[in-house]
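Spelled out from the first residue to the last, the chains are:
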Protein chains: 6
Amino acid sequence: MDFVDRLIDLALEEDLGAAGDVTTQALVPEGARGRAEVWAKEPLVLAGTRAFARVFTRLEPAAEVRFSEADGARISGRAVIGSVAAALRTLLVGERTALNILQRTCGIATLAARAADAVKGSHLRVLDTRKTSPGMRGLSKEAVRAGGASNHRFGLFDGVLIKDNHLAAVGGDVREALRRARAHAPQLVKIEIEITRLEQLPEAIAGGADVVLLDNMDDATVAEAVRIAAGKVQLEVSGNVTLERLPRLAQIGVDFVSMGALTHSARAMDLSLEIVER
Amino acid sequence: MDFVDRLIDLALEEDLGAAGDVTTQALVPEGARGRAEVWAKEPLVLAGTRAFARVFTRLEPAAEVRFSEADGARISGRAVIGSVAAALRTLLVGERTALNILQRTCGIATLAARAADAVKGSHLRVLDTRKTSPGMRGLSKEAVRAGGASNHRFGLFDGVLIKDNHLAAVGGDVREALRRARAHAPQLVKIEIEITRLEQLPEAIAGGADVVLLDNMDDATVAEAVRIAAGKVQLEVSGNVTLERLPRLAQIGVDFVSMGALTHSARAMDLSLEIVER
Amino acid sequence: MDFVDRLIDLALEEDLGAAGDVTTQALVPEGARGRAEVWAKEPLVLAGTRAFARVFTRLEPAAEVRFSEADGARISGRAVIGSVAAALRTLLVGERTALNILQRTCGIATLAARAADAVKGSHLRVLDTRKTSPGMRGLSKEAVRAGGASNHRFGLFDGVLIKDNHLAAVGGDVREALRRARAHAPQLVKIEIEITRLEQLPEAIAGGADVVLLDNMDDATVAEAVRIAAGKVQLEVSGNVTLERLPRLAQIGVDFVSMGALTHSARAMDLSLEIVER
Amino acid sequence: MDFVDRLIDLALEEDLGAAGDVTTQALVPEGARGRAEVWAKEPLVLAGTRAFARVFTRLEPAAEVRFSEADGARISGRAVIGSVAAALRTLLVGERTALNILQRTCGIATLAARAADAVKGSHLRVLDTRKTSPGMRGLSKEAVRAGGASNHRFGLFDGVLIKDNHLAAVGGDVREALRRARAHAPQLVKIEIEITRLEQLPEAIAGGADVVLLDNMDDATVAEAVRIAAGKVQLEVSGNVTLERLPRLAQIGVDFVSMGALTHSARAMDLSLEIVER
Amino acid sequence: MDFVDRLIDLALEEDLGAAGDVTTQALVPEGARGRAEVWAKEPLVLAGTRAFARVFTRLEPAAEVRFSEADGARISGRAVIGSVAAALRTLLVGERTALNILQRTCGIATLAARAADAVKGSHLRVLDTRKTSPGMRGLSKEAVRAGGASNHRFGLFDGVLIKDNHLAAVGGDVREALRRARAHAPQLVKIEIEITRLEQLPEAIAGGADVVLLDNMDDATVAEAVRIAAGKVQLEVSGNVTLERLPRLAQIGVDFVSMGALTHSARAMDLSLEIVER
Amino acid sequence: MDFVDRLIDLALEEDLGAAGDVTTQALVPEGARGRAEVWAKEPLVLAGTRAFARVFTRLEPAAEVRFSEADGARISGRAVIGSVAAALRTLLVGERTALNILQRTCGIATLAARAADAVKGSHLRVLDTRKTSPGMRGLSKEAVRAGGASNHRFGLFDGVLIKDNHLAAVGGDVREALRRARAHAPQLVKIEIEITRLEQLPEAIAGGADVVLLDNMDDATVAEAVRIAAGKVQLEVSGNVTLERLPRLAQIGVDFVSMGALTHSARAMDLSLEIVER
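Residues numbered from 1 in each chain as written. Chains lettered and ligands numbered in written order. Predicted model: local features only at pLDDT ≥ 70, side-chain atom pairs only at ≥ 80, totals over all residues. Heavy atoms only, no water.

Caption draft 1: Region of the structure containing the relation of the copies chain E and chain C. For the pair chain E and chain C, the superposition axis carries a translation of 0.0 Å, the fit reaches an RMSD of 0.0 Å, and the rotation angle comes to 120°. Within this description, the copies of the chain are treated as partners about a three-fold rotation axis. (Least-squares fit on C-alpha atoms with pLDDT ≥ 70 in both.)

Dropping the structure here:
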């Protein structure tokens with residue numbers, strides 16, 4: 001089963017248990033229909049609309065969910081951005097779960113857009129990380145793209161990233177680590193290696209790394225790395241990256257910068273569901 | 001299967017897929033053992049240690065995870081707070097998923113502690129809401145308690161909360177809504193009703209509500225509600241509640257205040273896993 | 001996934017395995033359609049119709065299942081009460097599983113109706129317990145309500161019930177047990193405490209219990225408890241309760257009586273499915 | 001996953017939800033250990049002990065459950081029949097689910113034993129049917145064997161049973177139905193055919209049926225069928241079979257009698273779990 | 001859930017993970033529709049069409065899959081045999097998984113047809129075994145029937161097959177083994193016993209075996225067994241059976257021959273999916 | 001849950017259903033222990049031993065499975081290669097499922113070894129494809145590596161492979177297709193594009209493809225492609241590749257050749273489990 005469906009099922013089950021929504025059972029007749037509007041209550045970048053819709057269609061396959069804008073749209077302020085037509089019970093039961101997702105995906109997209117805007121026009125691409133809320137990897141990665149930033153590897157399977165602990169397992173030998181990774185990895189997977197000292201960079205290049213991750217280096221060191229790499233390998237900066245620092249990094253000329261904050265520290269956006277007809 | 005296990009499995013599967021951790025497969029020998037330290041890198045309130053441990057024992061049942069402090073402990077700054085002994089592969093594969101959980105649960109507990117501290121010594125209890133990350137309801141609620149705040153209902157099944165839309169379904173008749181809820185609800189479940197105007201309060205009391213939720217009311221109105229209720233019903237304040245407002249609400253004498261921010265806007269704490277032996 | 005669906009899937013899988021219905025595969029053409037009538041073959045109270053229908057729609061989403069009466073209806077004797085239109089194979093494959101559910105839910109509703117009738121007009125509410133067939137908690141609780149009786153807590157999560165073993169864990173201190181329960185429990189959950197001696201009742205009241213369960217007490221003791229409680233706490237009688245005793249308990253004036261027999265000893269009703277067109 | 005485990009998980013989940021046992025969480029310390037005795041409180045035939053134990057080991061793999069007697073043992077009255085050593089929390093959380101199973105399986109075994117006793121010494125074998133509680137097919141069938149009766153087919157896959165509706169699908173042609181069933185069915189599966197009139201019996205024999213089911217026939221008709229069959233086919237009696245009628249059927253000389261009541265109308269036995277050490 | 005659906009879900013998940021088809025996401029617009037033809041590129045017997053279709057309807061319930069021939073049809077060479085109309089994304093995502101199934105089921109049916117053809121007109125039935133690809137038991141068994149051969153037991157549950165290791169557990173006593181099997185097995189399940197020496201055959205007959213399996217015996221020994229059995233028991237030959245040997249075994253007059261190769265060594269047929277409209 | 005465990009569970013469930021192994025239940029005492037030897041009965045390359053072991057530990061966590069050689073070992077002929085110590089029931093129940101896996105994984109590894117041997121000493125790497133048995137992707141890929149060949153992408157998520165149908169979606173514009181793929185794909189994923197005419201090769205190089213797949217081209221055309229590519233892009237040959245052709249392709253100097261036959265047409269190896277102690 002689809003991962004988003006599994007997360008939604010988990011969310012609905014933790015909210016409903018086997019006993020269900022006792023308030024709605026007691027007060028809302030089974031046959032009653034309703035329509036609700038989705039409201040953005042502050043400026044935001046839209047993301048996660050399919051998952052939002054999926055909450056309602058899991059509960060009632062015939063529920064109709066429509067958004068006036070697609071993921072990636074920039075909503076400038078308080079506005080109706082979508083609607084849900086379904087049984088009144090479905091609206092009430094699904095509301096919280098659907099909003100719990102949408103307010104987070106929009107939060108990520110909105111922050112990613114700020115980061116992408118900060119390097120606009122440059123060669124630098126802003127990447128996310130794997131620091132996502134458990135179960136929300138795919139939704140978070142989509143939201144990052146909706147905001148205009150790019151994705152680092154999705155998981156542990158679609159990219160080799162050799163960190164210090166992996167390197168230690170082969171006695172710190174950069175070239176041997178790269179050789180083994182190349183021999184084992186599927187054909188279309190690139191090899192990235194994290195370095196903590198500039199002295200490792202020439203070896204990484206000689207060993208055939210596709211990308212080198214510069215861990216926690218200051219701007220001067222990064223600039224020196226760019227000079228050494230001379231286009232023979234792609235460079236990624238990671239650690240202590242703020243929105244303010246992005247333009248400087250763009251100018252220095254690294255290829256990628258990754259920011260954990262995009263997915264672990266995005267603020268929930270203010271969105272609501274208002275029932276307008278019943 | 002346990003909900004936390006299901007969330008962990010979902011998180012591990014989205015990170016590993018069927019292909020697994022290609023870097024670790026390529027570079028780390030299967031038999032190698034390791035030990036890692038869990039570091040808090042800023043002051044925080046600890047929560048989620050069992051789930052953190054569970055990530056590693058799902059991957060390797062014999063993995064040993066120990067924390068020097070229990071959930072609820074206040075860590076004053078940079079410190080080793082736990083350790084994991086397992087196969088080196090297990091450490092590397094589980095690291096990100098385990099930290100993705102712990103940094104969020106500690107974030108919630110830390111924020112909850114600030115809220116609880118703000119009303120210390122008063123009768124007022126600070127409650128969370130259902131605005132939790134999908135799949136993390138239980139972990140979030142536990143973290144709130146670890147921080148010293150209290151739990152509102154867990155889900156839609158362990159409390160009746162009559163909101164405007166439910167009320168509308170019985171033509172706005174507060175007493176009829178309360179009567180139907182009482183007739184339907186399991187024996188040990190309380191009935192709470194949300195009101196938007198003070199005029200509804202006497203009716204809610206007469207109808208036998210256990211708790212009345214005052215939606216988006218200012219301090220003066222809340223004080224008036226306390227006067228009217230006169231102890232015949234419990235009162236909860238919700239909407240526009242900040243840490244700064246808490247002491248005033250405590251003084252006014254409401255019973256509960258609920259804050260969505262505790263679970264939807266807590267910042268991820270800075271924690272890391274450092275491999276120290278292999 | 002919905003709990004009723006999970007139970008139905010389990011029931012269908014144990015009946016079909018991976019090999020399926022060999023008789024039907026051998027003899028019934030895949031395209032053949034059919035219509036069947038649901039017969040009540042004795043007087044009964046209807047319950048479980050949605051789950052009955054669900055068995056057929058799990059097998060064939062377009063199957064049409066209709067009942068002429070809703071759950072809670074009292075069927076006075078041999079009568080057609082519903083129909084199923086579906087592929088002939090669906091009818092034959094689903095028949096036994098659907099009836100296995102319906103004959104049990106109707107059995108529970110019918111017994112619950114007898115109990116509810118016995119206290120009609122009084123203040124006393126007859127409650128079920130958690131002594132339900134594994135996997136049938138929700139279906140059993142619904143059937144109890146269909147019969148006109150009420151639900152005790154659904155599970156271990158929507159009510160605190162302090163029994164002797166819990167009490168022992170705090171050294172038998174009734175007030176301390178109540179205090180801890182109140183501090184831990186979600187906001188809208190009531191606290192009930194079981195007592196075996198009348199001496200514990202005043203303490204339970206002083207400690208703020210919402211409900212007190214009188215375990216295995218005779219009518220005279222129950223009457224004394226009612227006198228002591230004096231409306232300050234609700235009282236529930238449990239243990240050795242028969243249909244015959246119910247009117248006496250109603251007269252004595254307790255609030256609740258709980259009967260395990262409603263769900264663990266209800267007789268299966270006689271129902272059948274007759275294929276009438278093919 | 002094993003079917004019994006799936007049923008137990010379903011039962012535990014409906015009882016615990018994501019919120020868990022709030023009473024036990026509030027009052028019982030996590031580390032506390034306990035021991036409980038399993039009591040039979042009336043005479044019964046034991047069955048379902050493995051499933052009973054499994055409830056506790058699902059919750060706590062190291063829980064130790066022992067029974068002094070094996071399934072099939074006849075317990076003559078009030079007695080301790082087993083014990084459970086586990087965390088006190090495990091005992092309290094698992095108690096109801098474990099007893100909900102055991103009281104039903106013992107009920108079935110006890111009733112099956114009465115039926116088996118009624119035909120003791122004769123050639124007649126008493127069979128169960130597929131009229132089992134959803135999800136409890138395997139546990140019910142085992143309980144029937146524990147009581148000394150035998151199993152009809154387990155599900156729709158391990159035996160061909162041609163009923164009137166199947167027969168109608170081939171125009172009522174008994175021999176054609178048998179021919180098709182033989183051609184389709186796996187090699188080691190027998191073919192049984194239900195007849196409602198004695199005239200069908202010779203055809204069933206000629207068509208090579210392995211077993212013929214005599215549906216709702218009185219003793220005289222059954223005796224005539226035995227005479228006609230003359231050992232060329234096995235005969236099964238079904239419908240309106242009571243414990244009282246069994247000895248007569250044994251004397252008439254049919255091979256099998258099937259009784260739905262064994263699994264759908266067995267009374268729950270009175271069993272309890274008493275915590276004796278903590 | 002249906003076993004074929006579970007296998008398809010597993011296959012789709014291992015191919016898609018949580019990240020999905022990155023190529024299709026990048027290049028194929030979400031709304032684009034397409035139509036594809038299913039091509040047989042060599043002569044084959046068709047089987048597995050329902051499972052093939054199911055792959056696409058799992059991805060998109062409204063996908064339309066049609067085959068011009070039913071399972072069992074003999075396709076004489078290069079030909080269009082079916083079509084799929086769906087979203088272009090669905091076609092591209094499902095293609096490989098659907099073909100991975102179909103090329104294997106057709107391979108089995110094609111080999112089974114060769115075996116069935118080799119004994120055409122005789123009494124001998126060619127059976128499959130349990131040597132199927134994990135998860136493909138049902139699909140393999142159906143394919144064997146589509147090819148015109150027959151099914152041995154489906155699994156361990158729909159037939160008793162006493163092998164040497166089972167026999168050893170009762171001290172090698174053939175009659176005792178048969179007696180215990182009969183007492184335990186469900187009513188409609190036959191008993192087969194494997195023998196390695198002709199001396200065991202009379203005992204097997206006397207003990208009431210339904211079928212005797214002659215393990216790894218040459219034609220002369222098999223002929224002698226047929227003479228001894230004299231129709232009192234059915235005989236199955238197993239081990240070292242080739243297509244070439246089948247006509248001789250048919251002439252010798254055994255009832256069954258089982259061939260593991262039908263399911264474990266069938267070659268994948270050459271089939272493809274060609275997108276013809278978009 | 002782990003994909004291999006899910007496949008094993010599916011395989012065990014289709015073999016056992018809810019009814020289980022009736023033969024073993026009837027004849028083998030529950031407490032009996034046994035030991036079995038795993039026999040290779042022909043020369044083969046070992047693969048899949050962990051999955052083989054997992055079948056038994058799923059049934060009985062304490063089962064002990066040992067192999068004298070690791071995956072990748074070349075077994076030169078009839079030999080004991082491993083052992084299983086477990087309950088006798090576990091051995092009998094798990095035998096077929098465990099062998100059904102091992103005989104297939106060893107078959108793939110053995111064929112892969114022949115292909116790898118054919119290009120030994122050259123720069124050419126032999127790759128598998130996604131033409132694996134449903135549910136066995138991971139096991140098949142591991143077996144290919146055990147045989148000494150390499151893995152193409154694991155699924156649709158760890159590599160971009162632009163085929164004609166994807167290209168058609170952007171009007172056949174190779175550079176635009178590559179541009180979009182690069183923009184969308186995760187950072188560490190390479191882009192491969194399939195071409196059917198040599199004229200497309202310069203465009204693919206100019207567009208920045210990482211790998212170009214030469215579809216169904218003869219040796220002369222492949223050689224011309226190598227000349228054009230001149231090391232600026234990696235080349236893969238696919239279609240009509242036999243073991244015989246491999247040395248020629250190695251000499252021509254392409255980088256990769258992919259062979260569907262490695263996983264879809266490998267013959268099952270002859271392996272057995274012999275119980276030697278009980």
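What follows picks up the thread again.
Caption draft 2: Local environment of the sheet that holds strand S5 (residues 79-87) of chain C. Residue and element names in this part refer to chain C. Pairing within the open sheet is antiparallel, and its four strands lie in the order S3-S5-S1-S12. Taken across any chain shown, the strands that pair with only one partner, and hence form the sheet edges, are strand S3 (64-67) and strand S12 (271-277). Sheet twist, expressed as the mean angle between neighbouring strand axes with direction ignored, is 20°. Where strand S1 (residues 33-40) and S5 come together, eight bridges link them in antiparallel fashion. By the bridge assignment for S5, Glu37 is matched with Ser83. In the packing of helix H3 (residues 49-59) onto the sheet, the strands contacted are S1, S3, S5 and S12, and the crossing angle to S3 comes to about 160°. Where helix H4 (residues 88-118) meets the sheet, its contacts fall on S1, S3, S5 and S12, and the angle it forms with S12 comes to roughly 155°. (Pairing = 2+ DSSP bridges. Helix = DSSP H or I, 4+ residues; strand = E, 2+ residues; numbered from the N terminus. Axes fitted to C-alpha atoms, helices over the stretch in contact; angles between N-to-C directions. Contact = heavy atoms within 4.5 Å.)

Caption draft 3: Highlighting the sheet that holds strand S12 (residues 271-277) of chain E. All names here are of chain E. Reading across from one edge, S3-S5-S1-S12 is the order of the four strands in this open sheet, with antiparallel pairing throughout. Bordering the open sheet on either side are strand S3 (64-67) and S12, each of which pairs with just one other strand. Between one strand axis and the next, the sheet turns through 20° on average, direction left out of account. As paired strands, strand S1 (residues 33-40) and S12 are joined by six bridges and run antiparallel to one another. Pairing of Trp39 across the sheet is with Ser272, part of S12. Across the sheet, helix H4 (residues 88-118) lies against S1, S3, strand S5 (79-87) and S12, angled at about 155° from S12, the strand it touches most.

Caption draft 4: Quick look at the interface of chain E and chain C. Opposite the seven residues of chain E that make contact, chain C presents seven residues. Summed over both sides, the interface between chain E and chain C buries roughly 540 Å², with carbon and sulfur atoms accounting for 55% of that surface. There are one salt bridge connecting chain E and chain C. The residue Glu30 of chain C makes a salt bridge to Arg50 of chain E at a minimum N-O spacing of 3.0 Å. Along the contact surface separating chain E from chain C lie one residue pair in polar contact (both at pLDDT 80 or more). Looking at the side of chain E that touches chain C residue by residue, the class counts come to four nonpolar, no polar and three charged. (Buried area = accessible area lost by both parts, 1.4 Å probe. Salt bridge = Lys/Arg side-chain N within 4 Å of Asp/Glu carboxyl O. Polar contact = N/O pair within 3.5 Å; in protein donor to acceptor, adjacent residues only side chain to side chain. Nonpolar A, V, L, I, M, F, W, Y, C, P; charged D, E, K, R; others polar.)

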